[in-house]
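# Summary of structural features
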Amino acid sequence: MRNLLHDMNPSVKFILITLSMLAIAFFFNPWTPFLFWVSIILLQLTMSRTKWKLWLLFMLPFSIGAFGYLWTTVVFGADTGGTVIWSFAGLDVTDEQWARALSLAFRVMAFSTLSLLFAFTTDPVKFILSLMQQLKLSPKLAYGVMVGYQFLPVMKDEFIQIQQAQRLRGAKMQKHSWQRLLSMRQVLIPMLAGAVRKAERSAFAMEARGFTGEPRSAFYRPIRIGRIDILMSGVFLVILFVSCAGGSWLS
Amino acid sequence: MPEEIFHLKNLSFQFPEDELKTLNGISLKVHRGERVVLTGPSGCGKSTLLYLLNRLYPLNCDGIVEGELSLFEKLADEYEAGEINHRIATVFQDPDSQFCMPTVEEELAFTLENLRVPLDEMEPRILEALQLTGLTKLRNTVIQSLSGGMKQRVATACALIMNPEVLLLDEPLSHLDPYTAEQFVTWLTALQQQSNLTIIAVEHRLELWKSFFEREIQLDLNGQLAADRQFTSKHAVSFPERQNAIQQTKALKVAQLSVVIKDKHLLAPLSFSVNRGEIVVIAGPNGSGKSTLMKSLCGIYKRTTGTVDSEGLGYVPQSPEYLFLTQQVEKEVAYSNASNQIQLDELMESLRLVEIKDAHPFSISHGQKRRVAIGAMLADKRPVLLMDEPTSGQDAAALLELFELIDQRSKEGTTFLIITHDMQFAASLADSVLLVKEGEMTGKFAAKEVWDNAELMEAHHLLSPKGVAPLAESFA
């Protein structure tokens, strides 16, 4: 049960999530995104092994963003009419304004939760392989991304090493963050110079091993679409339908 | 006569942005089963020639080819893209940028997928390649977590899984410690005898190959064929003898230094001292903590315990450009403002930096970059210099230049601590040797005590320079 979201075919998951987002975007009542948001969290609670602490940390900026939407829509939103339900400090908040504000805020929450669900339950390598196998992404692009992904830890090490070496030279840590951002240039130039060289070498190594970018005839690790995917597609569509219908009915 | 594999007829090659030809009128034949080494000074076009043979050039650089190149008795241009790479496999120099998949198994499978091998043949071929390279246990290991030597072995496995007829090697030993390098050669020898591979290698460190090669093709700086002869096993570059220049004053005192990062004991408490003008070589197996020691000495890593007492420690990383902060060599040396103009002029003069003082530090040669880095450290009043692997990937001329530089500076009172895998270089330069193993210091020995002590050498993955060349006799 806890593996269901992780074991799904990444492309199927990707398509389902994109579809859900598109569908939810057409509903302007507050209930639909709210119901959808709650069900996605429930789904993730029951069918995944998420590190919730990390999840909360990632949700923080989105939550602030959602609150920002709520606030600005309530305070600065265009006058739409409807009955005043609330008034303070010379501001009149009508029920329609409030509903629209809530709808926007929940939509932000629903979309960010959905994106995080994908990010937390999908192995990037598997995702790229699946894009190549199911959605016919060109191998040139797919393996390009893959090499970049392998480079990330190497680049991180290099960044730290250059920074350390330069600090030894007496390159001072700047006090203000904008100055620090500017002095990043000194670290980035040697790093990028190295990255260009590395990229060329990798390309040569791949080509020397017979990689031409042609679509492949057989995959060692076929990523298949199985029963789990049919089941989970059902679950997603039920959630989508219930929140759309329930939301319309409740408002 | 065995089948002809490569046939070059008056072959020339020029990069579109260059004015001169990189390769100039080369004619030669290579037959099946030959073991050929390509030699010549840095920048003479050895790698370019290798890339022409596996068809990476001219397509990847729009280079201009003149003359005729036949592969397996068919003109090179008549092959489709990628077709020739099924028969000619290549192992490159840099172990960090040869892979595109996370694990060993997936990397091998990537090669097979390129060759359009059917799925049911993949498993047995992967098993075979793993067994051949002794990597069976590492099948599911993440490649980036392996050491440089192991990565090179994985790269070779990826080349061999193609069942190639020819293996091209581009300085495959340059990142390996001497012991691992020797193992690699032994293993390749057995493999070559088994499968009658044709092997062409570019290599500077010929002494490590012993009698592996049977033919040597030498290029000169103009990209012309300088010699094509039978290979005779080589001694390493021989360095001139030097007198030590140790002075009586202490330049560096280390007491109870240890490093613990994230609960991992990287260095157990160690103490030693170094005199002014002394040259210390730090040696030990790959991953034993040599670099950690160096970085904690100069303060890049935080010391957990212990004190380091010195006249000022400078650090020259393997890539000296990591240190550069300005756009001009002269400014680079003067950056810290710790020396006055007269001292700076003197330093620039003695390090031969005057002629390049207006150049951009990134646009000069590797040797020059290192001199700028040393200059910057000395101008910064850091007379104890730590050098991390200055010898890796350097040709004979560059090694001699480095030797001269260090010898000269030590006479002027600079103290050196050097990490190197090049035993010949170490033997001719070191006054003392600091042996490190698994994060512990075995001890600091006088250099001549170490080279004779077989037990000590083997325990630290070192090869006696004596077995390689007679020069170490001068220490006996």
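Structural data are supplied above this passage.
These notes cover the structure that comes with them. (Residues numbered from 1 in each chain as written. Chains lettered and ligands numbered in written order. Predicted model: local features only at pLDDT ≥ 70, side-chain atom pairs only at ≥ 80, totals over all residues. Heavy atoms only, no water.)

### Some remarks on the overall build of chain B
A count of helical and extended segments in chain B gives 14 helices and 19 strands. The burial tally for chain B puts 58% of its 476 residues in the buried class. Counted over contacts in chain B with a minimum sequence separation of 6, partners at least 24 positions apart contribute 71%. Taken as a whole, chain B presents about 19,500 Å² of accessible surface, with 47% of it coming from carbon and sulfur. In chain B, which carries 44 positive and 65 negative side-chain charges, the distance between the mean positions of the two groups comes to 5 Å. (Helix = DSSP H or I, 4+ residues; strand = E, 2+ residues; numbered from the N terminus. Buried < 20%, exposed > 50% of the residue type's maximum accessible area, 1.4 Å probe, protein only. Contact = heavy atoms within 4.5 Å. Areas by Shrake-Rupley, 256 points an atom, 1.4 Å probe, with all protein chains shown as cover. Lys, Arg positive; Asp, Glu negative; His and termini not counted. Charge placed at Lys NZ, Arg CZ, Asp CG, Glu CD.)

### As for the nonpolar core
Residues and elements named next belong to chain B. If you look at the biggest cluster of nonpolar residues, it comprises 62 residues, and the most contacted ones within it are F272, L293, L297, I406 and L417. At 6 residues, the largest contribution of residues to this core is made by helix α9 (residues 366-379). Setting aside anything within four residues of it in sequence, one finds L293 in contact with L257, L267, L270, F272, I282, L434 and V436. Ranked by size, the runner-up nonpolar core spans 47 residues in total, among them V37, V104, L176 and L191. (Core = buried A, V, L, I, M, F, W, Y, C linked by side-chain atoms within 4.5 Å.)

### Here we look at the layout of surface pockets
Residue and element names in this part refer to chain B. A volume near 520 Å³ is recorded for the second largest pocket. Around the second largest pocket, the lining comprises 28 residues; the ones closest to its centre are H204, R205, V237, D395 and A396. Of all the secondary structure elements, the ones that give two or more residues to the lining of the second largest pocket are β9 (215-219) and α10 (396-411). Broken down by element, the residue count for the lining of the second largest pocket peaks at 3 residues, all from α10. Across the lining of the second largest pocket, the residue classes break down as 7 nonpolar, 12 polar and 9 charged. (1 Å grid on protein atoms, 1.4 Å probe; cavity = no way out; pocket = protein on both sides within 12 Å on 5 of 7 lines; lining within 4 Å. Points joined across faces, edges and corners; volume = space filled by probe spheres on them. Nonpolar A, V, L, I, M, F, W, Y, C, P; charged D, E, K, R; others polar.)

### A closer look at a negative patch on the surface
Residues and elements named next belong to chain B. A contiguous patch of negative charge on the surface is contributed by E330, D345, E346, E349 and D358. Tallying contributions element by element places helix α8 (residues 341-350) first for the negative patch, with 3 residues. Relative to the elements of secondary structure, E349 occurs in helix α8. A relative accessible area of 56% means that E349 is categorised as exposed. (Patch = residues over 30% accessible without salt bridge, like charges linked within 9 Å, V, L, I, M, F, W, Y side chains within 5 Å. Salt bridge = Lys/Arg side-chain N within 4 Å of Asp/Glu carboxyl O.)

### Thoughts on the interface of chain B and chain A
The interface of chain B with chain A comprises 54 residues on the first partner and 43 residues on the second. For the pair chain B and chain A, the summed buried surface comes to about 4,500 Å²; carbon and sulfur atoms form 58% of the total. A per-residue breakdown of the area chain B buries against chain A is headed by E113, Y322 and L325 of chain B, which together make up 16% of the total. The salt bridge involving E113 of chain B is made with R216 of chain A; its shortest N-O contact spans 2.7 Å. (Buried area = accessible area lost by both parts, 1.4 Å probe.)

### So, the packing of aromatic side chains
Under the defined criterion, the tally for this structure stands at 27 aromatic pairs over all chains. Centre to centre, the rings of F14 of chain A and F127 of chain A are 5.5 Å apart; their planes meet at 55°, and the pair counts as tilted. Of the two residues, F14 of chain A is situated in helix α2 (residues 10-24) and F127 of chain A in helix α6 (residues 124-134); the sequence distance between them amounts to 113 residues. By relative accessible area, which is 17% here, F127 of chain A ends up buried. Plain terms: the ring middles of Y51 of chain B and F92 of chain B are 5.9 Å apart, the flat faces sit at 50° to each other, and that makes the pair tilted. Taken together, the residues span a long stretch of sequence, with Y51 of chain B in helix α1 (residues 46-53) and F92 of chain B in the loop between β6 (88-91) and α2 (104-114) at a distance of 41 residues. Given the relative accessible area of 6%, F92 of chain B is considered buried. When the ring centre of F212 of chain B is taken as origin, the NZ or CZ atom of R35 of chain B, which lies over that ring, is 5.8 Å away. Stacked on the ring of F72 of chain B, the Lys or Arg R87 of chain B has its end atom at 3.8 Å from the ring centre. (Phe/Tyr/Trp six-rings, centres within 6.5 Å; stacked < 30°, edge-to-face > 60°. Lys NZ or Arg CZ within 6 Å of the ring centre and 35° of its normal.)

### Description of the pattern of salt bridges
All names here are of chain B. Taken as a whole, this structure holds 31 salt bridges over all chains when the rule is applied. A salt bridge links K369 to E321, with the nearest nitrogen and oxygen atoms 3.7 Å apart. Separated by 48 residues along the polypeptide, K369 in helix α9 and E321 in the loop between β15 (313-316) and α7 (329-334) bring together distant segments of the chain. The class of E321 is buried, set by a relative accessible area of 8%. The residue K411 makes a salt bridge to D407 at a minimum N-O spacing of 3.5 Å.

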